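Chain by chain, the residues:
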Amino acid sequence: MELKIIDKTEDEMHLEIIGENHTLLNMLKSALLDDNRVQIATYDMKHVSISDPILFVKTDGADPIEVVKDASNNIVNDCDEFLGVFKTAIDI
């Protein structure tokens, strides 16, 4: 995976996420939309096999980089929680 910030202002960012697909982008978009600071979170992928997705984030004035970092950490925490519950379930 490689990231390129295409453009960024104080409250908006276009981020190209090279080598990823709908799986990661849907999780990231969902986590971003759960954040009250986020006004818009969406992504565009022209064609799944020949183009890389571009994530667009618009905030209420919060730094979009910090918002994406927080959303990413929330995804990791959710996965850790699931893994703990799953391990408990399979040990029964």
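Residues numbered from 1 in each chain as written. Predicted model: local features only at pLDDT ≥ 70, side-chain atom pairs only at ≥ 80, totals over all residues. Heavy atoms only, no water.

> Is there a simple way to explain the layout of surface pockets in this structure?
With a probe scaled to a water molecule rolled over the atoms, the places where space remains empty come into view. Looking at the largest pocket, its volume works out to about 230 Å³. When residues of the lining of the largest pocket are traced back to their parent elements, those giving at least two are β1 (2–8), β2 (12–18), α1 (22–33) and α2 (64–90). Tallying contributions element by element places α2 first for the lining of the largest pocket, with five residues. A breakdown of the residues in the lining of the largest pocket according to their chemical character gives 11 nonpolar, one polar and one charged. (1 Å grid on protein atoms, 1.4 Å probe; cavity = no way out; pocket = protein on both sides within 12 Å on 5 of 7 lines; lining within 4 Å. Points joined across faces, edges and corners; volume = space filled by probe spheres on them. Helix = DSSP H or I, 4+ residues; strand = E, 2+ residues; numbered from the N terminus. Nonpolar A, V, L, I, M, F, W, Y, C, P; charged D, E, K, R; others polar.)

> Help me understand α2 in this model?
Residues that lie three or four places apart on an α-helix share one face, since the helix turns once every 3.6 residues. Taking 1.5 Å of rise per residue, the 27 residues of α2 would be expected to cover 39 Å, and the 39 Å separating its terminal C-alpha atoms lies within 8% of that figure. Taken together, the buried positions of α2 are occupied by P64, V67, V68, A71 and I75. The N-cap of α2, judged by a side-chain oxygen 3.0 Å from the amide nitrogen of I65 a few residues on, is D63. (Expected span 1.5 Å × (residues − 1). Buried < 20%, exposed > 50% of the residue type's maximum accessible area, 1.4 Å probe, protein only. Polar contact = N/O pair within 3.5 Å; in protein donor to acceptor, adjacent residues only side chain to side chain.)

> Mind showing me how you'd approach the sheet that holds strand β3 (residues 38–44) here?
Sheet strands pair via backbone hydrogen bonds, and the direction of the pair is either parallel or antiparallel. The sheet built from four strands is open, its strands ordered β1-β2-β4-β3 with antiparallel pairing. Each end of this open sheet is capped by a strand with a single partner; those strands are β1 and β3. Neighbour-to-neighbour, the strand axes of the sheet open up by a mean angle of 20°, direction not taken into account. Bridge analysis of β3 against strand β4 (residues 54–59) gives six bridges, and the strand direction is antiparallel. Considered in β4, the bridge of I40 is made with K58. (Pairing = 2+ DSSP bridges. Axes fitted to C-alpha atoms, helices over the stretch in contact; angles between N-to-C directions.)

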